[in-house]
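Descriptive structure summary
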Amino acid sequence: MKQNKRPKQTSRIDREEEIRPAKGRRPPINIHVILLAAIVLVIGFSAFRLYQWNKGEVLEYDPNQDTSEFDVEALDSIIPLAPDKLEGYEDDGVTTILCLGDDPFSLEQGEGGLAEQIAKKTGATVYNGSFTGTTIAPASATFSEGDMMDAFSFLYVATSLANGDFELMKTAASYSSDENFPFTTDMLSSLDMNSVDLICIMYDASDYINKRPCDDPNEPLNPITYTGALRAGIKAIQESYPHIRIVVMSHTFCHNINEEGNFENGDRVDLGHGTLSHYLQKELDAATDRGVSFIDNFYGSVNEDNYLDYMTDYIHFNDAGRELLASRFTECIFPAKEE
């Protein structure tokens, strides 16, 4: 008869040895615990960053800090007169400037006027040949009695100066209700252009507001476009009086008044031929084409940020505005005078 064997007895020490890991063997890794810990860390980090973002931070802002390095750079293009243009010309020793344009020159002709300010700053003899309410480009390709103001547009004034023929301007001036028109026309007709050293051209944004076409890519000298009239007028003067240096002063920022009588930002509203900055760029192109100097007043003088300090309304300048424009002209063309 078989005897049942008694199970082997294990001591407490033996049992501890069984549950104790073997020497050098790592305990098993629990993937679930690691993933859970990682998720907790990600959530915690995200919550911390969200808290910081909501809390924000104190910014050290200095209202007197010079931020000029971030300003828009003016598109000035200053070109001296080529020496060969002065061959055979006898200088009379007097610097004479003729100003052509519209309201910036014409609305104030006293001590605070733009032409008078230029004369004061440069020491030059300055003639004011401007006409209120006019434009660079005429309204029509051919002159008619229905568009008498065309006779005083830059294109017609420049052509009259180049040809020495002022009959059309004198006839149109006789119909004008502005007493300055006949006076200025007579002054221009009697002015000795051989004594003029420099012509300064400045019109405000009247071409933009009057919806004159800006340019004609197929015909750069198209007379009823803003830049075509500017090119053609400058070309006529250059051919007749090559010794005269020509400087184009651009328009500044302004508003347009819509049909409801509300102001519209001229650099945001396209009236059919581009915004003010578009007209500015095309004006620069025209001046460059003719090899004359260009002073950018849109970015360099009266702009969207400061116009309230220099304008009386949506487009016209106060004394401070005219003084600023005269300073810009002087520092660009006669830098030694402005020092």
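Below, the structure is looked at part by part.

Thresholds applied
Residues numbered from 1 in each chain as written. Predicted model: local features only at pLDDT ≥ 70, side-chain atom pairs only at ≥ 80, totals over all residues. Heavy atoms only, no water. Pairing = 2+ DSSP bridges. Helix = DSSP H or I, 4+ residues; strand = E, 2+ residues; numbered from the N terminus. Axes fitted to C-alpha atoms, helices over the stretch in contact; angles between N-to-C directions. Contact = heavy atoms within 4.5 Å. Core = buried A, V, L, I, M, F, W, Y, C linked by side-chain atoms within 4.5 Å. Buried < 20%, exposed > 50% of the residue type's maximum accessible area, 1.4 Å probe, protein only. Salt bridge = Lys/Arg side-chain N within 4 Å of Asp/Glu carboxyl O. Polar contact = N/O pair within 3.5 Å; in protein donor to acceptor, adjacent residues only side chain to side chain. Parallel < 35°, antiparallel > 145°, perpendicular 65-115°, else oblique. Left-handed = near helix turned anticlockwise from the far one by under 90°. Nonpolar A, V, L, I, M, F, W, Y, C, P; charged D, E, K, R; others polar. Phe/Tyr/Trp six-rings, centres within 6.5 Å; stacked < 30°, edge-to-face > 60°.

To continue, consider the sheet that holds strand S7 (residues 293–295). Spatial ordering of the open sheet is given by S2-S1-S3-S4-S7, a layout of five strands whose pairing is parallel. A strand with exactly one partner marks an edge of an open sheet, and here the two such strands are strand S2 (125–130) and S7. The mean angle between the axes of side-by-side strands here comes to 20°, regardless of whether they run parallel or antiparallel. Relative to strand S3 (residues 198–202), strand S1 (residues 96–101) is paired through five bridges, and the arrangement is parallel. If you follow Ile97 over to S3, its bridge partner there is Leu198. Along the sheet face, helix H7 (residues 180–190) touches S1 and S2 and points at about 125° away from the line of S2. In the packing of helix H9 (residues 226–240) onto the sheet, contacts are made with S3 and strand S4 (245–249), and the angle to S4 comes to roughly 165°.

Counting 74 residues, the largest nonpolar core has Ile97, Leu98, Phe154, Leu188, Met193, Ile199 and Phe329 as its most contacted members. Other than its neighbours up to four places away in sequence, Leu98 contacts Tyr127, Gly129, Leu161, Leu188, Leu191, Met193, Val196, Leu198, Ile199 and Cys200.

We now examine the pattern of salt bridges. Under the definition given, this model contains eight salt bridges. Taking the shortest distance from any N to any O, the salt bridge between Glu323 and Lys121 comes out at 2.7 Å. With Glu323 in helix H13 (residues 319–333) and Lys121 in helix H4 (residues 114–122), the pair connects residues that are 202 residues apart, well separated along the chain. Linking Arg328 and Glu331 is a salt bridge whose minimum nitrogen-to-oxygen distance equals 3.4 Å. Of this pair, Arg328 and Glu331 both sit in helix H13, three residues apart, which is roughly one turn of that helix.

Turning next to the side chain of Ser153. Counting through the fold element by element, Ser153 comes out in the loop between S2 and helix H5 (154–163). The class for Ser153 is buried, based on a relative accessible area of 1%. For Ser153, the side chain forms a polar contact with the main-chain oxygen of Asp150, separated by 2.8 Å. Aside from chain neighbours lying at most four places away, what touches Ser153 is Thr135, Ile136, Ala137, Pro138 and Tyr203.

Tracing the sequence through the fold places Gly164 in the loop between H5 and helix H6 (167–173). Taking relative accessible area as the criterion, Gly164 reaches 51% and is therefore assigned exposed. Between the alpha carbons of Gly164 and Ser190 there is a distance of 9.4 Å; along the sequence they are 26 residues apart.

When two helices pack together, you describe them by how their axes are tilted relative to each other and by the distance separating the axes. Relative to each other, H4 and H13 sit at 45°, their axes nearing to 9 Å. Looking at the two axes, H4 sits oblique to H13. Crossing angle aside, the handedness with which H4 passes H13 is right-handed. Counted together, Leu114, Gln117, Ile118, Lys121 and Thr122 of H4 and Arg322, Glu323, Leu325, Ala326, Ser327, Phe329 and Thr330 of H13 form the full contact between these two elements. Of the residues in the contact of H4 with H13, the class split is five nonpolar, four polar and three charged.

The N-to-C vectors of H9 and helix H10 (residues 276–289) enclose an angle of 25°; their axes lie 9 Å apart at closest approach. Comparing the axis directions of H9 and H10 gives the class roughly parallel. For the pair H9 and H10, the sense of crossing is right-handed. Residues Tyr226, Thr227, Leu230 and Arg231 of H9 form the contact with H10, whose participating residues are Tyr279, Lys282, Glu283, Asp285, Ala286 and Asp289. Tallied by class, residues from the contact of H9 with H10 come to four nonpolar, one polar and five charged.

Time to look at the packing of aromatic side chains. The relative placement of two aromatic rings is captured by the distance of their centres and the angle of their planes. Taken as a whole, this structure holds 11 aromatic pairs when the rule is applied. With a centroid separation of 5.8 Å and 80° between ring planes, the pair formed by Tyr208 and Tyr279 is classed as edge-to-face. Residue Tyr208 is found in helix H8 (residues 206–209), and its partner Tyr279 is found in helix H10; the two are separated by 71 residues along the sequence. With relative accessibility at 2%, the residue Tyr208 sits in the buried group. In this structure Tyr279 comes out as buried when scored by relative accessible area, which is 2%. Seen in terms of ring centroids, Tyr226 and Tyr279 are 5.2 Å apart; in terms of plane orientation they differ by 50°. Their pairing is tilted. Here Tyr226 is found in helix H9, whereas its partner Tyr279 is found in helix H10, with 53 residues between them in sequence. Side by side, Tyr226 and Tyr279 carry an identical accessibility label, which is buried.

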